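# Reading the structure
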Amino acid sequence: MAERKLTRHEMREAALLILFQMQFNPETLDELLDDCKESFEMEYNAQSVSLAKGVNEHKEELCAIIDGYSPSRKVDRISYIDLAIMMISIYEMKYCPSVPDKVAINEAIEFAKEYADKADVRFINGVLNSYYQDSTAKGAADD
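A brief report on the enclosed structure follows.

Criteria and cut-off values
- Residues numbered from 1 in each chain as written.
- Predicted model: local features only at pLDDT ≥ 70, side-chain atom pairs only at ≥ 80, totals over all residues.
- Heavy atoms only, no water.
- Patch = residues over 30% accessible without salt bridge, like charges linked within 9 Å, V, L, I, M, F, W, Y side chains within 5 Å.
- Areas by Shrake-Rupley, 256 points an atom, 1.4 Å probe, with all protein chains shown as cover.
- Salt bridge = Lys/Arg side-chain N within 4 Å of Asp/Glu carboxyl O.
- Lys, Arg positive; Asp, Glu negative; His and termini not counted.
- Charge placed at Lys NZ, Arg CZ, Asp CG, Glu CD.
- Helix = DSSP H or I, 4+ residues; strand = E, 2+ residues; numbered from the N terminus.
- Buried < 20%, exposed > 50% of the residue type's maximum accessible area, 1.4 Å probe, protein only.
- Phe/Tyr/Trp six-rings, centres within 6.5 Å; stacked < 30°, edge-to-face > 60°.
- Lys NZ or Arg CZ within 6 Å of the ring centre and 35° of its normal.
- Core = buried A, V, L, I, M, F, W, Y, C linked by side-chain atoms within 4.5 Å.
- Contact = heavy atoms within 4.5 Å.
- 1 Å grid on protein atoms, 1.4 Å probe; cavity = no way out; pocket = protein on both sides within 12 Å on 5 of 7 lines; lining within 4 Å.
- Points joined across faces, edges and corners; volume = space filled by probe spheres on them.
- Nonpolar A, V, L, I, M, F, W, Y, C, P; charged D, E, K, R; others polar.

Another aspect to go through is a negative patch on the surface. A surface patch of negative charge is lined by Asp30, Glu31, Asp34 and Asp35. Structurally, the position occupied by Asp35 is in helix α2 (residues 29-40).

So this is what it looks like as structure tokens:
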């Protein structure tokens, strides 16, 4: 059966849910994906899996970046869903040149509104915008 084409938003949401499940399930990725599809009827595609794998492979680096831009919370005090939302956005800004930075941030804010506490939406927005401003300034200085 052919894979259904997911929108970019659906693809990111699937990656977010995969990352969230990875935090709590010691299964292999293939087993976890089978469980997600069966238990949650979750749709994902190769792009979702690739994004989740990429974020997971760079998890330490992404957490260090988040820690550096988090004025009030250390990474170990941030809920995992908030952390996963920010990791996806920063990963896309840093490693996915085809994704505009503002799109990565806007998508993260939309997921935060859906999955995070109301107060956390501002926190996530602040961290991501601070990273964006610094990376943009650094990019301009490198030119």
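Attention shifts here to the pattern of salt bridges. Side chains that carry opposite charge are capable of pairing whenever their charged atoms lie near each other. On inspection of all chains with the given rule, the structure shows six salt bridges. A salt bridge links Glu107 to Arg12; its shortest N-O distance comes to 3.4 Å. Of the two residues, Glu107 is situated in helix α6 (residues 101-115) and Arg12 in helix α1 (residues 8-24); the sequence distance between them amounts to 95 residues. Overall, the relative accessible area of 14% leaves Glu107 in the buried class. With a closest N to O distance of 3.0 Å, Arg73 and Asp120 form a salt bridge. Placement of the pair is Arg73 in the loop between α4 (59-69) and α5 (80-95) and Asp120 in helix α7 (residues 118-142), with a sequence separation of 47 residues. Through salt bridges with shared partners, a single network forms among Arg8, Arg12, Glu92 and Glu107.

Under the criterion given, the structure shown has three aromatic pairs. Taken together, a centroid distance of 6.4 Å and an interplanar angle of 40° make the contact between Phe20 and Tyr80 tilted. Note that Phe20 is positioned in helix α1 and Tyr80 in helix α5, a separation of 60 residues in sequence. When its relative accessible area of 27% is taken as the criterion, Phe20 is described as partly exposed. Here Tyr80 falls in the buried class, since its relative accessible area comes to 13%. Residues Tyr69 and Tyr131 carry aromatic rings whose centres are separated by 5.8 Å and whose planes lie at 85° to one another, so their mutual orientation is edge-to-face. One end of the pair, Tyr69, is in helix α4; the other, Tyr131, is in helix α7, and 62 residues separate them in sequence. Its relative accessible area of 24% is what places Tyr69 among the partly exposed residues. A cation sits over an aromatic face here: Arg73 above Phe123, 4.0 Å from the ring centre.

Time to look at the nonpolar core. Ranked by size, the top nonpolar core spans 47 residues in total, and within it Ile66 and Ile124 carry the most contacts. Among the elements of the structure, α1, α2, α3 (46-57), α4, α5, α6 and α7 are those that each provide at least two residues to this core. With sequence-adjacent residues up to four places away left out, Ile66 is seen in contact with Val75, Ile78, Leu83, Met86, Met87, Ile90 and Val127.

This part takes up empty space enclosed by the protein. According to the stated counting rule, one finds one cavity of 30 Å³ or more in the structure shown. Empty space within the largest cavity amounts to approximately 50 Å³. Arg12, Leu16, Ile85, Ile88, Ser89, Glu92, Ala104, Glu107, Ala108 and Phe111 are the residues that line the largest cavity. Those elements giving two or more residues to the lining of the largest cavity turn out to be α1, α5 and α6. By residue class, the composition of the lining of the largest cavity is six nonpolar, one polar and three charged.

Worth remembering: the numbers are spatial, not functional.
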